[in-house]
Amino acid sequence: MAETIFKKIIDGKIPCHKVYEDDHVLAFLDINPLSRGHTLVIPKEVAETLDHLSDESAAALGRVMPRICRAVMKVTGTSEYNILQNNGRGAHQAVFHVHFHIIPKPSASEGLEIGWPLGSLDSKTAETVAQQVKQQIAADRP
Ligand code: AMP
């Protein structure tokens, strides 16, 4: 697989506006922000989508995300924001290295806009799908 632009940023081959770094995680400003303070948080581990990420990197991301969110919200004076994490081209992923967007929502016209076509869940489908997912999770223990 070709090296992604985020791997190049991790390796210092191209610059970024870094806001946080530790052994497992790097965070920097998005180059085309949806709102002021739009930040990307990425694992240093190379993984295309979230389901390929190790527990160690996932835990490291989870540990630091709230802290980075607090900082971005404080600096932007915003209390509302979205976390966006795209996986796959069809799901709007453009850079194939796992990343979480932190997108401040200072007003209705700034930040992320979401289409949310509501469906409905009948109890038979819910029972089947929940059971299937439960079994898959149990089979995927680390
Ligand atoms: P996604 O559609 O979830 O894959 O989003 C990729 C994001 O990466 C977009 O919001 C881009 O603006 C951002 N991006 C691409 N290249 C860079 C870069 N060199 N530095 C910062 N952000 C970038």
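Located above this text is the structure these notes cover.
Here's what I pulled together on the structure shown here.

Conventions and cut-offs
- Residues numbered from 1 in each chain as written.
- Predicted model: local features only at pLDDT ≥ 70, side-chain atom pairs only at ≥ 80, totals over all residues.
- Heavy atoms only, no water.
- Helix = DSSP H or I, 4+ residues; strand = E, 2+ residues; numbered from the N terminus.
- Expected span 1.5 Å × (residues − 1).
- Buried < 20%, exposed > 50% of the residue type's maximum accessible area, 1.4 Å probe, protein only.
- Contact = heavy atoms within 4.5 Å.
- Near = heavy atom within 4 Å.
- Polar contact = N/O pair within 3.5 Å; in protein donor to acceptor, adjacent residues only side chain to side chain.
- Areas by Shrake-Rupley, 256 points an atom, 1.4 Å probe, with all protein chains shown as cover.
- 1 Å grid on protein atoms, 1.4 Å probe; cavity = no way out; pocket = protein on both sides within 12 Å on 5 of 7 lines; lining within 4 Å.
- Sits in = over half its atoms within 2 Å of the grid points.
- Nonpolar A, V, L, I, M, F, W, Y, C, P; charged D, E, K, R; others polar.

## Some thoughts on helix α2 (residues 55-76)
Its 22 residues give α2 an end-to-end C-alpha distance of 31 Å, which sits within 8% of 32 Å, the value for a rise of 1.5 Å per residue. Among the residues of α2, Ser57, Ala60, Leu61, Val64, Met65, Ile68, Cys69, Val72, Met73 and Thr76 are the ones counted as buried. Looking at the buried residues of α2, the elements they touch are β1 (18-21), β2 (25-29), β3 (39-43), β4 (81-84) and β5 (100-104). Taken from the residues just after α2, glycine 77 is the one with a positive phi, measuring 65°.

## Digging into the site of the ligand
As a matter of local geometry, the ligand sits amid 16 residues, with Asp30, His92, Ala94, His99 and His101 nearest to it. For the ligand, an oxygen atom lies 2.6 Å from a polar atom in the backbone of histidine 92. Take histidine 99: an N or O atom from its side chain is 2.7 Å from an oxygen atom of the ligand. Relative to its unbound accessible surface of 510 Å², the ligand loses 83% to contact with the protein. Spatially, the ligand is embedded in the largest pocket. Residue assignment for the shell around the ligand shows that the elements contributing at least two residues are α1 (5-10) and β2. Counting residues per element, the shell around the ligand draws most heavily on α1, which supplies three residues. In terms of residue class, the shell around the ligand is made up of nine nonpolar, six polar and one charged.

Such coordinate-based values are descriptive only and should not be taken to indicate function.
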